[in-house]
Amino acid sequence: MQHAKVLITAVLSALIMVGAGARAFAQNDRFKEVLSRGEIRIGVHAALKPWSYRDPNGNLVGLEVDLAREVAETLGVKLELVAIESSNRMQFLQQKKIDLIIGGMGDTPDRRKVVGMVEPHYFASGANVLARKNALKDWSDLKDKPVCAKQGVFYGKLVEQETGAKLVSFIGNTEALQALRSGKCVAFLTDDSNVSLLLATGEWPDWEMPFKTRYGNTWAVGVPLEELNGIWGRFMSGMVYKWHATGKLIELQKKWGFKPTQWFVDMEEKLKKDDL
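The structure contained in this document is the topic of the report that follows. Because the structure is a prediction, the values reported are computed rather than measured.

What follows concerns the nonpolar core. Membership of the largest hydrophobic core comes to 38 residues, with the highest contact counts inside it found for Ile 40, Val 71, Leu 100 and Met 236. Looking at this core, the elements that each hand over two or more residues are helix 3 (29-37), strand 1 (39-45), helix 4 (63-75), helix 9 (231-245) and helix 10 (248-255). Leaving out residues up to four positions away in the same chain, Met 236 has contacts with Val 71, Leu 100, Val 118, Val 221, Val 223 and Trp 243. Core analysis: the second largest hydrophobic core is formed by 15 residues, Ala 131, Trp 139, Val 159 and Leu 189 among them.

Structure below.
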């Protein structure tokens, strides 16, 4: 109850901050539409496990779905989950097919020209490796060693150039992991969130994620660009702030099989100091 009360207060504060003039309210059309129709349409992925995916019954579930439900509950409106893909999520927001994106969207300069990227960010990932325990201690230990990776990972060439590793590329993660188990590589290069999920399965008891994550990529909730500095953007900023400060994001990661990375621990510690 106190959590919801603080968030509702944040909305009222946002109303004051953006002002009561016609010009200010012109930037809050989507927010007003959501309240007027009594329903919010939130775009989430349908095949991005465990963030958002369909369960055996066809229902959308996952970490980001849980976040979407909390947004709707806090606003006191019904929730309609809309399946999106990386290729259409920003267009759906512009076309008013959805009111909000919570769908694995990395915050980049180009995307900021199209969508309002809410801060603080709600998720972060970066490059790390899965390796046998005590086999590697630092990125420099990869020099001249074969490292398995999925084709196309953007940090592949960076790792080769900066560490001297010999990247061995595979079509998919399954093939790369098979090669790792068979000893063709000393490590599997992938997102730290993916390593956490693999370790959480219990199928890799003698393995670990030994390095400090590099090449971090933060994920943002997306609102209409013209409403980022209006009520909608400020309200969602307050939501994400509370998700960090109350430990909600770490709690959900554990629920969905993640081992929270240091970024989330640091964000909770930083923001909870200002929590009401």
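The rest of the description comes next.
This brings us to the environment of Arg 112. Relative to the elements of secondary structure, Arg 112 occurs in the loop between strand 6 (100-101) and strand 7 (115-117). Take Arg 112: its relative accessible area is 35%, and that puts it in the partly exposed class. Counting along the chain gives 110 residues from Arg 112 to Gly 222, while the straight-line C-alpha distance between them is 9.4 Å. At a separation of 2.7 Å, a polar atom in the side chain of Arg 112 contacts the side chain of Asp 107.

The amide bond that connects Lys 49 to the next residue, Pro 50, takes the cis arrangement and shows omega of 5°. Structurally, Pro 50 can be placed in the loop between strand 2 (47-48) and strand 3 (52-54). Residue Pro 120 follows Glu 119 across a cis peptide bond; omega there is 5°. Its location among the elements puts Pro 120 in the loop between strand 7 and strand 8 (123-132). One non-glycine residue, Lys 96, lies in the positive phi region at around 65°. Along the polypeptide, Lys 96 turns up in the loop between helix 5 (89-94) and strand 6. The partly exposed category is assigned to Lys 96, whose relative accessible area is 41%. One non-glycine residue with positive phi stands out, namely Tyr 215, at about 55°. Relative to the elements of secondary structure, Tyr 215 occurs in strand 13 (residues 214-219).

Now for empty space enclosed by the protein. Under the defined criterion, the tally for this structure stands at 1 cavity of 30 Å³ or more. Volume-wise, the largest cavity comes out at about 30 Å³. Taken together, Phe 123, Ala 124, Asp 192, Ser 193, Ser 196, Gln 253, Phe 258, Lys 259, Thr 261 and Phe 264 make up the full set of residues lining the largest cavity. Sorting the residues of the lining of the largest cavity by element identifies strand 8 and helix 8 (192-200) as the ones contributing at least two each. Among the elements that take part in the lining of the largest cavity, helix 8 stands out by supplying 3 residues, more than any other. Taken together, the residues of the lining of the largest cavity sort by class into 4 nonpolar, 4 polar and 2 charged.

Calculation rules
Residues numbered from 1 in each chain as written. Predicted model: local features only at pLDDT ≥ 70, side-chain atom pairs only at ≥ 80, totals over all residues. Heavy atoms only, no water. Core = buried A, V, L, I, M, F, W, Y, C linked by side-chain atoms within 4.5 Å. Buried < 20%, exposed > 50% of the residue type's maximum accessible area, 1.4 Å probe, protein only. Helix = DSSP H or I, 4+ residues; strand = E, 2+ residues; numbered from the N terminus. Contact = heavy atoms within 4.5 Å. Polar contact = N/O pair within 3.5 Å; in protein donor to acceptor, adjacent residues only side chain to side chain. 1 Å grid on protein atoms, 1.4 Å probe; cavity = no way out; pocket = protein on both sides within 12 Å on 5 of 7 lines; lining within 4 Å. Points joined across faces, edges and corners; volume = space filled by probe spheres on them. Nonpolar A, V, L, I, M, F, W, Y, C, P; charged D, E, K, R; others polar.

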